[in-house]
Amino acid sequence: MKENCIIYGGAGFIGSHIAEDLLEKGLNVTIFDKQNTSKKNIQHLTDKIDFIEGDFINEVDIQKSLKGADYVVHLVSSTLPASSNLNPVYDAESNLISSLNLFDECVKNKIKKVIFISSGGTVYGNPVKLPIKETHPTEPMSSYGIIKLTIEKYLGLYKNLNGLDYRVLRFSNPFGERQNPLLSQGLIAHLLYKIKHDEPLEIWGNGKIIRDYFYIKDGARSVYKAITDRSHNTIYNISSGKGLSINQILDKFKRVLKLDFEVKYTATRRFDVKSNILDNSLARKVLKWSPEYEFNDALKNTWRYILDSE
Ligand SMILES: NC(=O)c1ccc[n+]([C@@H]2O[C@H](COP(=O)([O-])OP(=O)(O)OC[C@H]3O[C@@H](n4cnc5c(N)ncnc54)[C@H](O)[C@@H]3O)[C@@H](O)[C@H]2O)c1
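Residues numbered from 1 in each chain as written. Predicted model: local features only at pLDDT ≥ 70, side-chain atom pairs only at ≥ 80, totals over all residues. Heavy atoms only, no water.

**A short note on the state of the cysteines**
Here's step 1: A complete count under the given rule lists zero disulfides for this structure.
Here's step 2: No disulfide involves Cys-5; its sulfur sits 11 Å from the nearest other cysteine sulfur, which is in Cys-106.
Here's step 3: Assessed through its relative accessible area of 0%, Cys-106 is described here as buried. (Disulfide = S-S within 2.5 Å. Buried < 20%, exposed > 50% of the residue type's maximum accessible area, 1.4 Å probe, protein only.)

Structure below.
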């Protein structure tokens, strides 16, 4: 019999790709997302999935949604790294408390495993050693990172107290089709969108900040690997394992996509770590997961998507 997976926040960028992949792997997929959220990202999946409209912070909505589920993928976040520092109380209330409520319900409903997409870009803070392994010290510089890390810790507690199995996937910087270009989180989509609209590119700092960008279709495949993982590991970095500076990305826009644009450098943001490259060797070894797409091909797919969308 097919197993059932519910994806909280599944109508978003990452969730829509995970839904596609889990359907391909033969699972029944339910997406739980806000009532008034855009369904654009999942319109091509509507015949194949169940959709539950609900609010993640509403306990009753969560209680109702979990019936019959085997696996849970948790992707809901009400904040971004930048916005989280403006109101840590809201961050904790909307993200941490609601997550704990979800985990309580997961225990009651005997969920087989929770997959939590955490943030490899924020939980470690400024790296002591690169590339960053899962065992690297964690010193988040934003409320967002603190909350992600705290949710991870609570998952550990729930496993010890209640036997709730889980895996944490610490994503570095995913990019690809359906990433919202108007948010501050997806640099590549954001810059390409600006280029499409002939607007100058505003870069915080001198463009030397290094990030580890990976294609979302590769990231999405790691979720099924985590669901079927029988090892004792609970936390995996999911990344390309390679760093690119913003200036190198701009260079790729010119050389690979043949684009022309204006760049304006502005002040650095205080919570941006200088460099973030995640060591993905544990996921390669244990999950038998590795990125398959070439960066340049993924970049071309992303640009094509942005050109075709409104
Ligand atoms: N995009 C990245 O670079 C990145 C990197 C690492 C981790 N993450 C994490 O992965 C998760 C998904 O990121 P994304 O880029 O797909 O974001 P997204 O904004 O595209 O998707 C999040 C989804 O959650 C839904 N949602 C938000 N609040 C809700 C609520 N109260 N009730 C029901 N649904 C709600 C939104 O409607 C949206 O569809 C987030 O938790 C994010 O912090 C993202």
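**Things to note about the pairing of strand β1 (residues 4–8)**
Here's step 1: Counting buried residues along β1, four of its five residues qualify, which places the element largely inside the surrounding structure.
Here's step 2: What joins β1 to strand β2 (residues 28–33) is helix α1 (residues 13–24), and the crossover it makes is right-handed.
Here's step 3: Taken together, the four bridges between β1 and strand β4 (residues 71–74) define a ladder with parallel strand orientation. Counted as the bridge partner of Tyr-8 is His-74 from β4. (Helix = DSSP H or I, 4+ residues; strand = E, 2+ residues; numbered from the N terminus. Right-handed = clockwise from strand over helix to strand, strands pointing away. Pairing = 2+ DSSP bridges.)

**Details of the environment of Gly-125**
Here's step 1: With respect to the helices and strands, Gly-125 occurs in the loop between β5 (113–119) and α5 (143–162).
Here's step 2: Separated by 16 residues in sequence, Gly-125 and Met-141 have C-alpha atoms that sit 5.7 Å apart.
Here's step 3: Among residues more than four places away in sequence, those in contact with Gly-125 are Glu-139, Pro-140, Met-141 and Val-273. (Contact = heavy atoms within 4.5 Å.)

**Some points on helix α6 (residues 187–196)**
Here's step 1: Among all positions of α6, only Ile-188, Ala-189, Leu-191, Leu-192 and Ile-195 are buried. The buried residues of α6 occupy an angular sector of 165 degrees when the element is viewed end-on, so they sit on one face.
Here's step 2: Along its buried surface, α6 packs onto β7 (173–175), β8 (201–204), β10 (213–215), α8 (246–255) and α10 (295–308).
Here's step 3: One or two steps after α6, the chain reaches Asp-198, where phi turns positive at roughly 55 degrees. (Arc of directions from axis to C-beta.)

**Brief notes about the site of the ligand**
Here's step 1: Neighbouring the ligand are 25 residues, the closest being Ile-14, Asp-33, Asp-55, Phe-56 and Tyr-144.
Here's step 2: Separating an oxygen atom of the ligand from a side-chain N or O atom of Thr-37 is a distance of 3.0 Å.
Here's step 3: Here Phe-56 contributes a backbone N or O atom positioned 2.8 Å from a nitrogen atom of the ligand.
Here's step 4: Contact with the protein chains covers 88% of the free accessible surface of the ligand, which is 830 Å².
Here's step 5: Mapped onto the shell around the ligand, the elements with two or more residues apiece are α1, β2, β5 and α5.
Here's step 6: By residue number, the principal contributor to the shell around the ligand is β5, which donates three residues. (Near = heavy atom within 4 Å. Polar contact = N/O pair within 3.5 Å; in protein donor to acceptor, adjacent residues only side chain to side chain. Areas by Shrake-Rupley, 256 points an atom, 1.4 Å probe, with all protein chains shown as cover.)

**Regarding the domain arrangement of the protein**
Here's step 1: What the domain assignment lists for the protein is domain 1 (4–174 + 214–240) and domain 2 (180–212 + 242–275 + 293–308).
Here's step 2: The centre of domain 1, based on its C-alpha atoms, is set 25 Å off from the matching centre of domain 2.
Here's step 3: The interface of domain 1 with domain 2 comprises 21 residues on the first partner and 17 residues on the second.
Here's step 4: For the pair domain 1 and domain 2, the two sides together bury roughly 1,600 Å², of which 53% comes from carbon and sulfur.
Here's step 5: The largest per-residue losses of area from domain 1 upon contact with domain 2 belong to Leu-80, Tyr-215 and Ser-240, which jointly make up 32% of the total buried on that side.
Here's step 6: At the surface where domain 1 touches domain 2, the tally comes to zero salt bridges.
Here's step 7: One can count nine residue pairs in polar contact (both at pLDDT 80 or more) joining domain 1 with domain 2.
Here's step 8: Sorting the residues of the side of domain 1 that touches domain 2 by element identifies α3 (81–84), β10 and α7 (216–227) as the ones contributing at least two each.
Here's step 9: By residue class, the composition of the side of domain 1 that touches domain 2 is nine nonpolar, nine polar and three charged. (Domains from an automatic or database assignment. Buried area = accessible area lost by both parts, 1.4 Å probe. Salt bridge = Lys/Arg side-chain N within 4 Å of Asp/Glu carboxyl O. Nonpolar A, V, L, I, M, F, W, Y, C, P; charged D, E, K, R; others polar.)

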